[in-house]
Amino acid sequence: MGANDSKIAFRKGVYTLSSGEQAATEEFLAQFFLLPDTDSAEDIFNFLSGKDVRQLRDEQRESFNALVTGAVDVLVNFKEENAKDPIRIKLLVNCIRILTRILPFIFELGLGSPIEDSLETQLFWNRESMPSSISKSHLGLSLTRAISRLLFVKGFTLLPTAFTKIWEQGIACDEAPGQTTSTTRARIDLLRLLQTLLSAQMYYPPALSVKVPNRFALILCRGCEAGLVQGLMVSLLNTSLAYDPVGWGLVPYNHVVFGDAHEQLVTVSLQTLVALLDLGAVKALSELHLDDATISANTYLPGSTKKVNVHTEVIMLFWKIYELNEVNSDKILIISAALIYFMVESRTNPNEIGLVRQCCFMLHILSQERDFAVRLNAPFEPSMVGAASRHLPIFSNGTWADFIVLSIHIIVTSTSKTPIATLHETLLMTLSNLAPYMKSLTVVTVNKLMSLFAVLSNPAFLVSSEANHKLIFYLVDLFNGCVQYQIGGNSQLVYALVRNRAKIVQLNNLTFEDAIGELKKVRDAKLAKTTAAAAGLPNGSAGEDKGKAVAENKFQATAEWFSYWKSHLRLNILVTLVEALGPKIEAFCLKEESNDDRKAIEFLNSGTMVGLLPLPQPLFTRKFSYTEAVRVWFSSFMWGNIYIKCANPNGGAEVLKHCPSIWTGEKPHMVIDNCASYFIDKDARNGRNECAPVRC
């Protein structure tokens, strides 16, 4: 039978099964599984349409169950010696792809019903569903064990001459085991099937998804051979970190012509590894080397403009690994530069808010570590971070602390009216954690901080939203940390604070009545502008615009609220500093008859500031909290990323032929509808959109 004839016969078999004309007997399935004579998984997904699968599931449940159990039977009974038989290989690959296609429709049916009544439970966790050829145990247990075993079969996923059950050179494997196109595709097919099993979490409500354990992941961790599980985790890690995309570098724009199956394997390996770690599969990952991962996070092939698009997965992996054990690497500064790069580059792209949020959280987590903060005093050169510094103002003789501060300044001052504004608190909190260790900020960095202080201390801004005052809290803490712990090397900052003495004193003396008066002026000006703009519009439209302007003013500040946070604002340290040094610097300038800033700074350096400020309080680090909301957000972001990448894989149409979207004709409601905006919507309720900071 030719390839086209086999496709027609397979499509006919699908129709007869779904319509009930043919029962799924063992004899029929034995022929049916061999019919798709094609190397393309896309053909199987097209012939098994979503409509066909749902009809078969809903109207011919007995045949549907037989189809699933029959395909699992093929995986369970495949032996290593069968790898020499092309017919048995073809049968196995078809069954893997058929299971990958129909499993999401099993999980879909459990929506809104108790877990114990779902089709997944009835089919995979009921011993009565097992075919007679498999020992009496849960079908889910047998399927998971079969996948873990098939991932390391010589002649299928390993070379016939393989000397180890690890896919790639790296941890626990000093020599490259080698691979071919066929082994790469076999690994991709099995990982996609495993990924489908793990994606059962996508069909639970958001709050429930992180509480209900994934039974397939539990079996993989506890019910499979330990050596196979360890081999899988190490293989996924090595495959992810050892990828070198420069192999075709001598052929410009090769990615337009060729699909890179190995790049797709890297992507699926990273996604599967992160999903397993998120579901609690922590195995044999005590010694990790992430340097190569950060280098490959932003790579372009020589001679082309193709980006290796796995940076999101690499950052997710770093997040999960850091949860398990703190990473103390001499490359930690480069890692922070990668996080900064993706935040700055993606800050205005609404589709990348999840990536920006993840980088922001990761930077906050790093700021908790003293070792990281101390390393920031190392000399900085823009050439060290490449494109990560292209948006920064030019500064010389600076440190990594300057790089971090200037980068965060760019993000805060250019995203005030975007969803990224909800992250401003976290970014400034990160700087306040690092401040006690910043030894010598440059004049460029100091000027940017003072311009930010002028905006955040604006009276109208402080009372226009319930959370706005928190930003000035963290900025004041940043100044306090620098002058209390590192005043000797921060003469530029001390001088800038003295020059801005009026603004500091004004904030210290600010009253509720003054702040409300300033806010009223801003709102009146805004309303007047809206009225003027709507003057030429119909009366109804003008009324709507005025209504919108009034509706934005939901928060109403009170004197009690203002007094509470104002009394906790630690301005006494800065006021003491500027009141003590201001007159001295003025007297020096009058004496020297000069306004030269350099001479004033030299004067500051020549004196002593011992006893000038109160004794520093114990260091207080604001730690990142792994709350349930964060767990729900990470899980939904992870699965949302997998869903999107699955529909648009790296490599374009050529790769899509072999890796069609697992959820073709399907829409997992948990990730796409509910969770994608879960964290954003929660923060947006406290968002700041009035009197917001503008570019400084």
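Within every chain, residues take consecutive numbers counted from 1 along the sequence as written. With the structure being a predicted model, the display of local features is reserved for residues of pLDDT at least 70 and the display and counting of side-chain atom pairs for 80 or more, all residues being used for whole-chain, interface and lining totals. To obtain the side-chain values, all non-hydrogen atoms of the structure were included, while hydrogens and water were left out.

1. Quick word on the overall build of the protein chain
Strands are runs of DSSP state E lasting at least two residues, helices are runs of H or I lasting at least four, and both sets are numbered from the N terminus onward. The number of helices and strands found in the protein chain is 35 helices and zero strands. Sorting the 696 residues of the protein chain into buried and exposed places 56% on the buried side. The contact criterion used is simple: two residues touch if any of their non-hydrogen atoms lie within 4.5 Å. Nonlocal contacts in the protein chain, meaning residues at least 24 apart in sequence, comprise 77% of its contacts between residues at least 6 apart. For the area figures, the Shrake-Rupley method with a 1.4 Å probe applies, and any residue is considered shielded solely by the protein chains shown. Within the structure as shown, the protein chain displays about 30,200 Å² of accessible surface, and the carbon and sulfur contribution to it stands at 53%. Note on classification: 1.4 Å probe, protein chains only; a residue is buried when its accessible area is under 20% of the maximum for its type, exposed when over 50%, partly exposed between these limits.

2. Quick notes on the confidence of the model for the protein chain
Per-residue confidence from the predictor is reported as pLDDT, which spans 0 to 100. With 81% of its residues at a pLDDT of 70 or more, the protein chain shows a mean pLDDT of 81. Under a pLDDT of 50 for its full length, residues 286-306 has, in the predicted model, 47 contacts with residues more than four places off or in other chains. Here residues 672-696 is modelled with pLDDT under 50, and outside its nearest four sequence neighbours on either side it reaches 67 contacts, counting other chains as well.

3. Here we look at the environment of glutamate 175
Within the secondary structure, glutamate 175 is located in the loop between helix H8 (139-150) and helix H9 (181-198). With a relative accessible area of 55%, glutamate 175 lands in the exposed category. A sequence separation of eleven residues divides glutamate 175 from threonine 164, and the C-alpha atoms of the two residues are 9.6 Å apart. Glutamate 175 has contacts with Phe163 and Gln169, leaving out every residue within four places of it along the chain.

4. Comments concerning the packing of helix H16 (residues 311-324) against helix H17 (residues 332-346)
Where H16 contacts H17, the axes come no closer than 12 Å and their chain directions differ by 130°. By the criterion of interaxial angle, the relationship of H16 to H17 is oblique. Every pair of crossing elements has a handedness; the one defined by H16 and H17 is left-handed. In contact with His311, Ile315 and Phe318 of H16, H17 contributes Ile332, Ile335, Leu339 and Phe342. A breakdown of the residues in the contact of H16 with H17 according to their chemical character gives six nonpolar, one polar and no charged. Interaxial angle, 0 to 180 degrees, is taken between N-to-C directions of lines fitted to C-alpha atoms, where a helix line uses only the stretch in contact. Note on terminology: angles under 35 degrees are roughly parallel, angles over 145 are roughly antiparallel, angles of 65 to 115 are roughly perpendicular, and the others are oblique. Whether a crossing is left-handed or right-handed is set by the direction in which the near helix is turned from the far one by less than a right angle, anticlockwise for left-handed and clockwise for right-handed. Gly is put with the polar residues, along with every residue not named as nonpolar or charged; the nonpolar set is Ala, Val, Leu, Ile, Met, Phe, Trp, Tyr, Cys and Pro, and the charged set is Asp, Glu, Lys and Arg.

5. Some details on empty space enclosed by the protein
Cavity: a set of points on a 1 Å grid over the protein atoms alone where a 1.4 Å probe fits but cannot get out. Pocket: an open set with protein on both sides within 12 Å along at least five of seven lines, its lining residues, like those of a cavity, having an atom within 4 Å of a point. Grid points are joined across faces, edges and corners, and a volume is the space filled by probe spheres set on the points. The full count for this structure, using the stated rule, is two cavities of 30 Å³ or more. By volume, the second largest cavity amounts to about 80 Å³. Around the second largest cavity, the lining comprises eleven residues; the ones closest to its centre are Gln195, Gln264, Val268, Gln271 and Cys646. Among the elements that line the lining of the second largest cavity, the one with the most residues is helix H14 (residues 261-278), at four residues. Within the lining of the second largest cavity, the residues separate by chemical class into five nonpolar, four polar and two charged.

6. Things to note about unusual backbone geometry
Of note, asparagine 397 is a non-glycine position whose phi angle comes to about 55°, a positive value. Turning to its location among the elements, asparagine 397 is positioned in the loop between helix H19 (370-375) and helix H20 (400-414).

7. So, the packing of aromatic side chains
The criterion for an aromatic pair is that two Phe, Tyr or Trp rings (for Trp, the six-membered ring) have centres within 6.5 Å, with stacked assigned to planes under 30 degrees apart, edge-to-face to planes over 60 apart and tilted to the rest. In the structure shown here, the tally under the stated rule is 34 aromatic pairs. Geometrically, the ring pair formed by tryptophan 125 and phenylalanine 216 is tilted, given 5.0 Å between the ring centres and 50° between the ring planes. One end of the pair, tryptophan 125, is in the loop between helix H7 (119-124) and H8; the other, phenylalanine 216, is in helix H11 (residues 215-222), and 91 residues separate them in sequence. Each of the two residues, tryptophan 125 as well as phenylalanine 216, counts as buried. A network of ring pairs unites the aromatic residues Trp319, Phe361, Phe624, Tyr626, Trp633, Phe634 and Phe637 as a single cluster.

8. Comments concerning helix H31 (residues 597-606)
Those residues of H31 lying buried are Ala600, Ile601 and Leu604. Projected down its long axis, H31 shows its buried positions confined to an angular sector of 95°, all on one face. Residues of H31 that are exposed and point over 90 degrees away from its buried face: Arg598, Glu602 and Ser606. On its buried face, H31 sits against helix H25 (491-499) and helix H30 (572-592). Taken from the helix axis, the directions to the C-beta atoms give the arc we talk about.

9. Re the pattern of salt bridges
Salt bridge, as used here: a side-chain nitrogen of Lys or Arg that lies within 4 Å of a carboxyl oxygen of Asp or Glu. Throughout the structure, instances matching the rule amount to 17 salt bridges. The residue glutamate 108 makes a salt bridge to arginine 57 at a minimum N-O spacing of 2.9 Å. One end of the pair, glutamate 108, is in helix H6 (residues 86-108); the other, arginine 57, is in helix H4 (residues 50-59), and 51 residues separate them in sequence. Like glutamate 108, the residue arginine 57 is buried in the burial classification. Of the charged contacts, one joins arginine 215 and glutamate 120 as a salt bridge, the two residues approaching to 3.5 Å between their closest N and O atoms. Of the two residues, arginine 215 is situated in helix H11 and glutamate 120 in helix H7; the sequence distance between them amounts to 95 residues. Judged by its relative accessible area of 23%, arginine 215 falls in the partly exposed class. Here the residues in one salt-bridge network are Arg54, Arg57, Asp58 and Glu108, joined through shared partners.

10. Description of the packing of H4 against H6
Two elements in contact, H4 and H6, have axes whose closest approach is 10 Å; the angle formed by their N-to-C orientations is 55°. Taken together, the axes of H4 and H6 lie oblique to each other. Both H4 and H6 take part in a crossing whose hand is right-handed. Counting all contacts with H4, which are made through Gly50, Val53, Arg54 and Arg57, the residues of H6 involved are Arg101, Ile102, Phe105 and Glu108. A breakdown of the residues in the contact of H4 with H6 according to their chemical character gives three nonpolar, one polar and four charged.

11. Description of the nonpolar core
Core analysis: the largest hydrophobic core is formed by 214 residues, its most contacted members being Phe32 and Leu75. Considering every element that reaches this core, the biggest residue donor is H6, with 13 residues. Excluding its chain neighbours within four sequence positions, the residues that come into contact with phenylalanine 32 are Phe10, Gly13, Val14, Leu17, Leu67 and Ile98. In plain words, nonpolar cores are sets of buried Ala, Val, Leu, Ile, Met, Phe, Trp, Tyr and Cys residues tied together by side-chain atoms within 4.5 Å.

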